[in-house]
Amino acid sequence: MNIILDKLQDIEIRYRELEGQLSDPKIVSKQGLYQKYAKEHADLRELVETIREYNKVREQIEEYQSVLAESDDELKAIVKEEMPLLKQKQNDLEERLNFLLLPKDPNDNKNVFLEIRAGTGGDEAGLFAGDLFRMYARYAESQGWRVEVMSSSPAGGVGGFKEIIAQIEGTGAYSRLKYESGVHRVQRVPVTEAQGRIHTSAVTVAIMPEAEDVEINIDPNELRIDVYRSTGHGGQSVNTTDSAVRITHLPTGLVVTCQDEKSQLKNKAKAMKVLRARLLDAMIQKQNAEMSEARKNQVGSGDRSERIRTYNFPQGRITDHRISLTRYDLDNFLNGNIGTMIDALASHHQAELLNKQG
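If you're wondering where the values come from, they're calculated on a predicted model, not measured in any experiment.

1. Side note on the sheet that holds strand β6 (residues 223–228)
Sheet strands pair via backbone hydrogen bonds, and the direction of the pair is either parallel or antiparallel.
And then number 1: With antiparallel pairing, the 3 strands of this open sheet are ordered in space as β6-β7-β8. Of all strands in the sheet, those bounded by a partner on one side alone are β6 and β8 (254–258). Neighbouring strand axes in the sheet, compared pairwise and without regard to direction, differ in orientation by 15° on average.
And then number 2: Across 6 bridges, the pairing between β6 and strand β7 (residues 244–249) is antiparallel. Paired with I225 across the two strands is I247, which belongs to β7.

This is the structure:
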């Protein structure tokens, strides 16, 4: 306990240091440094406020214990009545502090790239890829986030997508959506199935944090950029201008294509954003792979090959296999009401971290 108290004291000292630095004219004049300290100060605010409340409760408990050592029976009776409430408050604040002291994911506040790919199951997988994209887009809308399609490949006449990549911009987007990476399995009777047999298909979802330029430095000499005429939907520019862009990152072999914009420059800019995100994601996946099996088995590991969820249409059921949670409101879920599931996944992940810390 003394080690934890020392750590809490160090955090409060650092918070006061930051307050002083943020009022220092020399630092205020350096915009980059000022923003860095302002962010650190904001990140510590909730923790420091909780520490201060916790210290007040501890002091009050010590005062009450001194009163109990005295001989005034009337005062002792009052203290004995109030002490359990104070002890409970102290326990609640300790739990809150344990949570706030958990290691933070540095990517949590970032925008994300959502990448959905149809897997096994042919046309049905493409249709379900479209269903999942609408689900995430509606959820993003409910959070006040902005969704922009970066690249898409239609699945053909049946609808849906072979692949779609979208950027989702909004505070905390990665912290909420990062648990969605993995294989999503759908079980339903296809529209084209005359005999009503249930068909199983799969779609892969990848959630990648947006990479800042300082995080991923790309050497232009390591890129091969090809331009070609766009195909598919796109109006008069289709097959008339070389607006589509394909970027190949030679060291890794990663290939990104973009043809949704009429402008070659816009397509190139979008493709570079996606490439940066994929390179950062590859770094994160490599770090996860280097960690222990226990870490990789946690909910937040984002293993792309892991079957994480099944959507069973005949039963109206969604089951998340990582936390053995089943719900029976499939239509509501696919309409973007996925917050309860995300809350459950986040709580499970936090519990894993707390157990590890304990």
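That covers the picture; the talk isn't over yet.
2. Focus on helix α4 (residues 73–100)
And then number 1: The end-to-end C-alpha separation of α4 is 40 Å, in line with the 40 Å expected for 28 residues at 1.5 Å each.
And then number 2: K76, V79, M83, L86, Q90, L93, L97 and L100 are the residues of α4 that are buried.

3. Focus on the nonpolar core
And then number 1: Within the largest apolar cluster, 35 residues are counted, with the highest numbers of intra-cluster contacts made by I116, L132, Y136, L177 and Y311.
And then number 2: Secondary-structure elements contributing two or more residues to this core are β1 (112–118), α5 (123–142), β3 (161–169), α6 (173–177), β5 (199–209), α9 (330–334) and α10 (339–357).
And then number 3: Among residues more than four places away in sequence, those in contact with L177 are V112, Y136, Y139, W145, I168, I207 and I342.
And then number 4: Core analysis: the next-biggest nonpolar cluster, separate from the first, contains 24 residues, L22, Y37, V48 and V57 among them.

4. A few points about the pairing of strand β4 (residues 182–188)
And then number 1: Counting buried positions along β4 gives 6 out of 7 residues, so the element sits mostly inside the fold.
And then number 2: Where β4 and β5 come together, 7 bridges link them in antiparallel fashion. Looking at the pairing, V183 lines up with T204 of β5.
And then number 3: Here β4 pairs with strand β9 (residues 307–312) via 5 bridges, running parallel. When the bridges of β9 are listed, V183 appears paired with R307.

Conventions and cut-offs
Residues numbered from 1 in each chain as written. Predicted model: local features only at pLDDT ≥ 70, side-chain atom pairs only at ≥ 80, totals over all residues. Heavy atoms only, no water. Pairing = 2+ DSSP bridges. Helix = DSSP H or I, 4+ residues; strand = E, 2+ residues; numbered from the N terminus. Axes fitted to C-alpha atoms, helices over the stretch in contact; angles between N-to-C directions. Expected span 1.5 Å × (residues − 1). Buried < 20%, exposed > 50% of the residue type's maximum accessible area, 1.4 Å probe, protein only. Core = buried A, V, L, I, M, F, W, Y, C linked by side-chain atoms within 4.5 Å. Contact = heavy atoms within 4.5 Å.

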